[in-house]
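So you can see what is in the structure, the chains are spelled out below.
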Amino acid sequence: MHAPEPLTPAAPLIRPATPADVDLLHRLIVELAEAERYPGAVTAEPEDLTKSLFGTEPPLAEAVVAVVKGEPAGFALFYPTYSTVLGQPGLHLEDLYVRPEHRGGGLGRALLGHLAALAVQRGCARLEWWVLRDNEPALRFYDRLHARGLHEIEVRRLDGDVLRHLAATYSRS
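Residues numbered from 1 in each chain as written. Predicted model: local features only at pLDDT ≥ 70, side-chain atom pairs only at ≥ 80, totals over all residues. Heavy atoms only, no water.

1. Quick look at the nonpolar core
Within the largest apolar cluster, 22 residues are counted, with the highest numbers of intra-cluster contacts made by V64, L93, L111, L112 and L115. For this core, the secondary-structure elements that each account for two or more residues are β2 (62-68), β3 (71-83), β4 (88-98), α3 (107-121) and α4 (136-144). Ranked by the residues each element gives to this core, the list is headed by α3, at 6 residues. When near neighbours in sequence (up to four residues on either side) are disregarded, L115 contacts V64, A76, F78, L91, L93 and L127. (Core = buried A, V, L, I, M, F, W, Y, C linked by side-chain atoms within 4.5 Å. Buried < 20%, exposed > 50% of the residue type's maximum accessible area, 1.4 Å probe, protein only. Helix = DSSP H or I, 4+ residues; strand = E, 2+ residues; numbered from the N terminus. Contact = heavy atoms within 4.5 Å.)

2. Describing the packing of aromatic side chains
Counted under the stated rule, the structure contains 2 aromatic pairs. Here W129 and Y142 contribute two aromatic rings whose centre-to-centre distance is 4.9 Å and whose plane-to-plane angle is 50°, an arrangement assigned as tilted. Of this pair, W129 sits in strand β5 (residues 126-129) while Y142 sits in helix α4; the two residues are 13 residues apart in sequence, bridging distant segments of the chain. Here W129 and Y142 have matching classes, each one buried. Geometrically, the ring pair formed by F141 and Y142 is tilted, given 5.3 Å between the ring centres and 50° between the ring planes. (Phe/Tyr/Trp six-rings, centres within 6.5 Å; stacked < 30°, edge-to-face > 60°.)

See below:
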């Protein structure tokens, strides 16, 4: 007779988000913003998520929800990209969040592994994301996964009044 195998923690279920998950996703986004000390309020509303994830064809973005022992434990939200240099699609991970009580057990790795598998399945050449420079735990986590930092590019942004001003400058209306 063999000894019984030791009990292991319940494996996470990672599944595509559904319209029923929109309020949960919104709560998790707010938690993420608070955890990262995002300056200002989260202005996205559940209706914005509904429209972006489920209101267009193809959707503007997708999300997966991680569930552990029947409880929502985290999520990842991502969207397609395209590399003109490679001539291939990619995925951009916009947000990955694991609730504090579920950290350290491999859930973040499972979420990234799930997205990596989706990227490979879809013929993507890369999976990319941005990370705050002062988010040391996240940087260490990504280093352990051998994610490469891109020193050859710098992220730039136009938004708010500056975006509208530039758009108005070239508006042909």
